[in-house]
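These are the residues of each chain, in order.
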Amino acid sequence: MNLPLIPPVKNESLNGDVLSMACDCLVVGIGESGNLSPIASLIDERTSGWLTNAIASGAAKTKRGELLTLPTLPGIGQTGSCAAVLMFVGTGDLAQLDRGKAFDLASTVMRRLVDSPRNHIVFSLGTPCSPEVQEAFVAGAIAGCAGQSNYFSDPAIHPPASIGWHDFSPSAVALGTMIGDSINVTRRLVNEPPNVLYPESFADAAAAVGNEVGLSVEIWDETRLDAEGCRAILAVGAASIRPPRLVILRHYGAPSTQAPVALVGKGVTFDSGGLSIKPTDGMTDMKCDMAGAATVLGAMRTIALMKLPINVVGLCGLAENMISGASYKLGDVIESRQGTTIEILNTDAEGRVVLADVLDVAVQNKPSAIVDLATLTGACMVGLGRDVVGLMTNSESLCSEIIAAAKQESEPVWQLPMFEMYGEHIKSKVADIKNTGDARWGGAITAAKFLERFVDDVPWVHMDIAGPAFAESPKPHRDAGATGVMLRTLVSWLKIRAAS
């Protein structure tokens, strides 16, 4: 399966007289302080105070995210060339913008602009900001160029061919492009319908991405999975005509003596619930149940492009949870690759069963840390809502690192407790553990306690992304559908870890 960046957008750093540059739209920032940036001041001067009057009258607002679009104003370009359209963007206090706000602001702007075909867009935001914030602006703008309407006969989104960034550093533009493109790769995978994306086609897409950026790619098919004793992932995928796959991606940016970090993603490409079948409404969006695996692939793509001096192995456990005479059944006992036996009491609690084998393969790589991402439980959404990622861990220090990176990127997370008593809820009467907890209570945590059995003593953080990974409705800064949540956090965390 070939997944191009849909379509790729060229980004470049610009200097010089931006008002005399031909483009389809010039985006100009106006801040709350009332002090216009040099570009905004020049526009005001060449239009006899039009911008000052527009701000005073409230036609142009300075609050962050407020947008005003109009045809170009006479006289702003001195060479005859100028923007066809001007957009004034309220930035608030630009000096106080963090990476998360910058990402959302740029994405909001682009989502407004891509409703019509435009070839070249130029951003001139005004007050200089840090390279880190510039990077987030670029990433957000690229993320705003994509949505879930990939199969419309008439395109609903028209990404520009190129975006120019006035007075942005070239390195910030390059890094932001890597992140934004990778977010869109992740989102495209999650938004693909299940007749297009299934374990084998996901593995093919991962191989294509890996070859593009220089990752080592290893794919275990059903024969290799059987030889490796991956009975849990094979059980979940047994009912499907699309057999499971395990994708292993490796980035070696440091000496081979350095223990790698392992990123593990749940990749259930469609979840019917199996014999514990979901109702229609609960099954509609189950193409998104592989968002964890897609995020791992996007993060691995980014760190490979950045050439981070760190060793990382990414593992994507891929299966379809379907229904047939070969379905795994309630009451089955499965021996995992690690040797732990699992009693199956709900075939719709399949993600943790898949991850049991994948985490064991991760442990085999002797990592210094494991982070897994999974759309694992509705219980996490009940507890934290749709916008917050639940974190569970066996290592407070590792979890603190992840929380700090998430805060830097303004991706909301919340740590849930992992008291020993929760482990009692997954004890089975006929096997080592069962794949359900104690009815509805503490479901996100008991699922994490299940996963904890398969990480040995390796420092580990589990991210339950069930709520934020796939949005039912749009927001100004993003479309409905896949969000790419936690990719930026993972990349930021790995950058910090590589530098330490």
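Please refer to the structure higher up on the page.
I will try to describe carefully the structure that is included in this document.

Calculation criteria
Residues numbered from 1 in each chain as written. Predicted model: local features only at pLDDT ≥ 70, side-chain atom pairs only at ≥ 80, totals over all residues. Heavy atoms only, no water. Helix = DSSP H or I, 4+ residues; strand = E, 2+ residues; numbered from the N terminus. Rg over C-alpha atoms; globule rule 2.2 N^0.38 Å. Buried < 20%, exposed > 50% of the residue type's maximum accessible area, 1.4 Å probe, protein only. Contact = heavy atoms within 4.5 Å. Areas by Shrake-Rupley, 256 points an atom, 1.4 Å probe, with all protein chains shown as cover. Phe/Tyr/Trp six-rings, centres within 6.5 Å; stacked < 30°, edge-to-face > 60°. Lys NZ or Arg CZ within 6 Å of the ring centre and 35° of its normal. Patch = residues over 30% accessible without salt bridge, like charges linked within 9 Å, V, L, I, M, F, W, Y side chains within 5 Å. Salt bridge = Lys/Arg side-chain N within 4 Å of Asp/Glu carboxyl O. Pairing = 2+ DSSP bridges. Axes fitted to C-alpha atoms, helices over the stretch in contact; angles between N-to-C directions. Parallel < 35°, antiparallel > 145°, perpendicular 65-115°, else oblique. Nonpolar A, V, L, I, M, F, W, Y, C, P; charged D, E, K, R; others polar. Polar contact = N/O pair within 3.5 Å; in protein donor to acceptor, adjacent residues only side chain to side chain. Core = buried A, V, L, I, M, F, W, Y, C linked by side-chain atoms within 4.5 Å.

1. Quick look at the overall build of the chain
So, step 1. Per the secondary structure count, the chain includes 15 helices and 19 strands.
So, step 2. Radius of gyration (C-alpha) of the chain: 24 Å, near the 23 Å computed for a compact globule of 500 residues.
So, step 3. The principal-axis extents of the C-alpha atoms in the chain amount to approximately 85 × 50 × 40 Å.
So, step 4. For the chain, the residues scored as buried account for 59% of the 500 residues in total.
So, step 5. In the chain, once contacts between residues fewer than 6 apart in sequence are set aside, the share between residues at least 24 apart is 78%.
So, step 6. Element-wise, carbon and sulfur atoms account for 52% of the exposed surface of the chain, whose accessible area totals about 19100 Å².

2. Some thoughts on the packing of aromatic side chains
So, step 1. Taken as a whole and judged by the stated rule, the model has six aromatic pairs.
So, step 2. The ring of Tyr198 carries Arg242 above its face, with NZ or CZ at 3.7 Å from the centroid.
So, step 3. The ring of Phe103 is capped by Arg488, whose NZ or CZ atom sits 3.9 Å from the centre of that ring.

3. Brief notes about a nonpolar patch on the surface
So, step 1. On the surface, Leu275, Ile277, Ile323 and Leu330 cluster together into a nonpolar patch covering about 360 Å² of accessible area.
So, step 2. The residue Ile277 is located in the loop between strand E9 (261-271) and helix H9 (280-283) in this model.

4. Brief notes about the sheet that holds strand E8 (residues 245-252)
So, step 1. Strand order in the open sheet made by the eight strands is E7-E8-E10-E9-E13-E17-E14-E15, with mixed pairing throughout. Strands with a single pairing partner mark the edges of an open sheet, and in this sheet they are strand E7 (216-220) and strand E15 (413-415). Between one strand axis and the next, the sheet turns by 20° as a mean value, whatever way the strands run.
So, step 2. Across four bridges, strand E14 (residues 389-393) lies against strand E17 (residues 460-464) in antiparallel orientation. Paired with Thr393 across the two strands is Val461, which belongs to E17.
So, step 3. Its contacts with the sheet put helix H11 (residues 351-364) on E7, E8, E9, strand E10 (311-321) and strand E13 (369-374), and the angle it makes with E9 is roughly 155°.
So, step 4. Of the strands in this sheet, E13, E14 and E17 touch helix H14 (residues 443-452), which is tilted by about 140° from E17.

5. Observations concerning the sheet that holds strand E4 (residues 85-92)
So, step 1. Ordered in space as E1-E6-E5-E2-E4-E3, the six strands form an open sheet in which the pairing is mixed. The open sheet has two free edges, formed respectively by strand E1 (10-14) and strand E3 (67-71), since each of these has just one partner strand. When strand polarity is set aside, the average angle formed by the axes of neighbouring strands in this sheet is 20°.
So, step 2. Along the sheet, helix H5 (residues 170-191) contacts E1 and strand E6 (162-166); its crossing angle with E1, the most-contacted strand, is approximately 165°.

6. Quick word on the packing of helix H6 (residues 199-213) against helix H10 (residues 291-306)
When two helices pack together, their arrangement is captured by the angle between the axes and the distance separating the axes.
So, step 1. Running from N to C, H6 and H10 cross one another at 10°; their axes reach a closest spacing of 9 Å. Comparing their axes, H10 and H6 come out roughly parallel. Packed against H6, whose contacting residues are Phe202, Ala206, Val209, Glu212 and Val213, the element H10 presents Ala293, Ala294, Leu297, Arg301, Ala304 and Leu305 at the interface.
So, step 2. Here the contact of H6 with H10 is built from residues that sort into nine nonpolar, no polar and two charged.

7. Focus: the side chain of Ser107
So, step 1. Tracing the backbone through its elements, the reader meets Ser107 in helix H3 (residues 99-113).
So, step 2. One polar contact links the side chain of Ser107 to the main-chain carbonyl oxygen of His477, over a distance of 2.4 Å.

8. Notes on the pairing of strand E5 (residues 120-124)
So, step 1. The element E5 is largely enclosed, with a buried count of five among its five residues.
So, step 2. In E5, alternate side chains face the same way, and those of His120, Val122 and Ser124 on one face and Ile121 and Phe123 on the other are all buried.
So, step 3. Where strand E2 (residues 25-31) lies against E5, four bridges are found, and the strand directions are parallel. Following the sheet pairing, Leu26 is matched in E5 by Val122.
So, step 4. One ladder, built from four bridges, connects E5 with E6; its direction is parallel. Looking at E6, one finds that Phe123 is bridged to Trp165.

9. So, the environment of Ile370
So, step 1. Relative to the helices and strands, Ile370 resides in strand E13.
So, step 2. Between the C-alpha atoms of Ile370 and Pro260, which are 110 residues apart in sequence, the distance is 9.1 Å.
So, step 3. With residues near it in sequence (within four places) discarded, Ile370 still touches Ala262, Val264, Leu359, Ala362, Val363, Leu398, Val455, Val458, Pro459, Trp460 and Val461.

10. A look at the nonpolar core
So, step 1. Judged by nonpolar contacts, the single largest core of 95 residues is most densely connected at Phe123, Phe137, Phe202, Leu263 and Met463.
So, step 2. Sorting elements by how many residues they give to this core places H10 first, with 10 residues.
So, step 3. With residues near it in sequence (within four places) discarded, Phe202 still touches Leu189, Leu197, Met290, Ala293, Ala294, Cys316 and Leu318.

11. Considering the side chain of Asn184
So, step 1. With respect to the helices, strands and loops of the structure, Asn184 is situated in helix H5.
So, step 2. Separated by 3.0 Å, the side chains of Asn184 and Arg187 make a polar contact.
So, step 3. For Asn184, the contacting residues outside a window of four places in its chain are Ile142, Ala143 and Ala146.

12. Side note on the pattern of salt bridges
So, step 1. Taken as a whole and judged by the stated rule, the model has 25 salt bridges.
So, step 2. Between Arg118 and Asp115 there is a salt bridge whose closest N-O contact spans 3.9 Å.
So, step 3. When its relative accessible area of 17% is taken as the criterion, Arg118 is described as buried.
So, step 4. The residue Arg386 makes a salt bridge to Glu472 at a minimum N-O spacing of 3.2 Å. With Arg386 in the loop between helix H12 (378-384) and E14 and Glu472 in the loop between strand E18 (470-471) and strand E19 (481-482), the pair connects residues that are 86 residues apart, well separated along the chain.
So, step 5. Using a relative accessible area of 42% as the deciding quantity, one classes Arg386 as partly exposed.
So, step 6. For Glu472, a relative accessible area of 58% puts it in the exposed group.

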